[in-house]
Amino acid sequence: MPTPSASLLPLDLASYRHVVVLTGAGISAGSGLSTYRGPGGLWEKAEIARIADARNLPGSLPELWRLYRTRRTQALAATPNAAHQAITDLQTRLVGRGQVAVVTQNVDGLHQRARTSGVWELHGSAFRTRCLRADSRECPSEPFADTSLHETEDVPVCPVCRQATLRPDVVLFGESLLPQTLEAVGDALSTCDLFLSVGTSGQVWPAARFVEVAKTVGARTILVNLDPLPAGVAVHFDEAYYGRAEDVLPALFGVAL
Ligand SMILES: [Zn+2]
């Protein structure tokens, strides 16, 4: 089990060359983003589970677009917080000496807006859109950057094939993560000497396994989360820091607030 750290001392960052930071919803909570609730509690968890289930496509598309209209609106209104910024600063400080790979379960784009580079988005992005037929031979289009709110009740139609409808380029329940993303994350983990898990319950596959891989290759493993995790997950961490990511990460990285 990790030792909950009463006093937080900055890490000796000169000791590390290959850092992997896994982030989840908890890092964006400080920016006012909540996973399941829209403004005024518009979206209930069970409702999202139904709407964001790939098995309900394409009939669920009008509601899926309504959900992502809310998510895009919220994310665009939010700004990256001190935790996002601390990761970007860490990348800058390690330039020429090492690298910091950032792997996120979030689709809110806040890492990129904090100018973090090379972010691996496990669950896609709320700000990318793709054609429903993009995976088939019927449409040659690629996923594209999209901040539009698509504010009509009609589901938007693909501008390339002009036949199929569009969907947010996120990983829905029942869908697989992109193999190339998993491969890249696996590569980063295989040489990792410092692994941090920030603001994630650590219970969503495959992210739950990342800390185990990091531990196997001898990395120091650190948990940053608001609350303690279940013992079965926490056992893989050397240390745990409980608190808000925007307080803990700058302190761990020795950033003056
Ligand atoms: Zn198309």
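Residues numbered from 1 in each chain as written. Predicted model: local features only at pLDDT ≥ 70, side-chain atom pairs only at ≥ 80, totals over all residues. Heavy atoms only, no water.

Okay, the overall build of the protein chain next. Assigned secondary structure in the protein chain consists of nine helices and ten strands. Taken over the C-alpha trace, the protein chain has a radius of gyration of 19 Å; the compact-globule value for 257 residues is 18 Å, and the two agree within 12%. Reported as C-alpha extents along the three principal axes, the dimensions of the protein chain are approximately 55 × 40 × 35 Å. Looking at the protein chain as a whole, 49% of its 257 residues qualify as buried. For the protein chain, the computed accessible surface area is about 12,400 Å², with 54% contributed by carbon and sulfur atoms. The average position of the 23 basic charges and that of the 26 acidic charges among the side chains of the protein chain differ by 1 Å. (Helix = DSSP H or I, 4+ residues; strand = E, 2+ residues; numbered from the N terminus. Rg over C-alpha atoms; globule rule 2.2 N^0.38 Å. Buried < 20%, exposed > 50% of the residue type's maximum accessible area, 1.4 Å probe, protein only. Areas by Shrake-Rupley, 256 points an atom, 1.4 Å probe, with all protein chains shown as cover. Lys, Arg positive; Asp, Glu negative; His and termini not counted. Charge placed at Lys NZ, Arg CZ, Asp CG, Glu CD.)

So, about the sheet that holds strand E7 (residues 166-170). One open sheet accounts for three strands, arranged E6-E5-E7; its pairing is antiparallel. Two strands in the sheet have a free side with no partner beyond their single neighbour: strand E6 (144-145) and E7. Pairing geometry for strand E5 (residues 124-131) and E6, over two bridges, is antiparallel. By the bridge assignment, Arg-128 is partnered in E6 with Ala-145. (Pairing = 2+ DSSP bridges.)

Glancing now at the coordination of the zinc ion. The zinc ion binds to the protein through Cys-131 (SG), Cys-139 (SG), Cys-158 (SG) and Cys-161 (SG), with metal-donor distances spanning 2.3 Å. Taken together, the four donor atoms surrounding the zinc ion define angles of 107 to 112° at the centre, an arrangement classified as tetrahedral. As a motif over one chain, the donors of the zinc ion read C-x7-C-x18-C-x2-C. Taking the relative accessible area as the measure of exposure, Cys-158 reaches 2% and is therefore buried. (Donors = N, O, S within 2.8 Å, 3.2 Å for Na, K, Ca; no water. Tetrahedral: all angles 85-135°; square planar, octahedral: opposite > 155°, others 65-115°.)

If a residue is not glycine, its phi is most likely negative; likewise, a peptide bond is most likely trans. Across the junction of Leu-57 and Pro-58, the peptide omega takes the value -5°, indicating a cis bond. Here Pro-58 shows up in the loop between helix H2 (45-51) and helix H3 (61-77). Here Arg-115, not a glycine, exhibits a phi torsion of approximately 65°, which is positive. We classify Arg-115 as exposed; its relative accessible area is 70%.

Summary statistics for the protein chain give a mean pLDDT of 90 and a share of 93% for residues scoring 70 or more. For the stretch residues 37-41, pLDDT sits under 50, and the model shows eight contacts to residues farther than four places along the chain or on other chains. (pLDDT = per-residue confidence, 0-100. Contact = heavy atoms within 4.5 Å.)

With that settled, the discussion passes to the nonpolar core. In this structure, Leu-64, Tyr-68, Cys-131, Cys-158, Cys-161 and Leu-172 are the most contacted members of the largest nonpolar core, which totals 26 residues. Listing elements by their share of this core, those giving two or more residues are H2, H3, E5 and E7. Counting residues per element, this core draws most heavily on H3, which supplies six residues. Excluding anything up to four places from it in sequence, Cys-131 contacts Cys-139, Ser-141, Cys-158, Cys-161, Ala-164, Thr-165 and Leu-166. The next biggest cluster of nonpolar side chains, apart from the first, holds 25 residues, and it includes Tyr-16, Ile-27, Ile-87 and Leu-94. (Core = buried A, V, L, I, M, F, W, Y, C linked by side-chain atoms within 4.5 Å.)

This part takes up helix H7 (residues 207-216). Among the residues of H7, those classed as buried are Ala-207, Ala-208, Phe-210, Val-211 and Ala-214. Projected down its long axis, H7 shows its buried positions confined to an angular sector of 160°, all on one face. On its buried face, H7 is in contact with strand E2 (18-23), strand E3 (99-104), helix H6 (179-190), strand E8 (194-198) and strand E9 (220-225). Backbone geometry just downstream of H7 places Gly-218 in the positive-phi region, at approximately 90°. (Arc of directions from axis to C-beta.)

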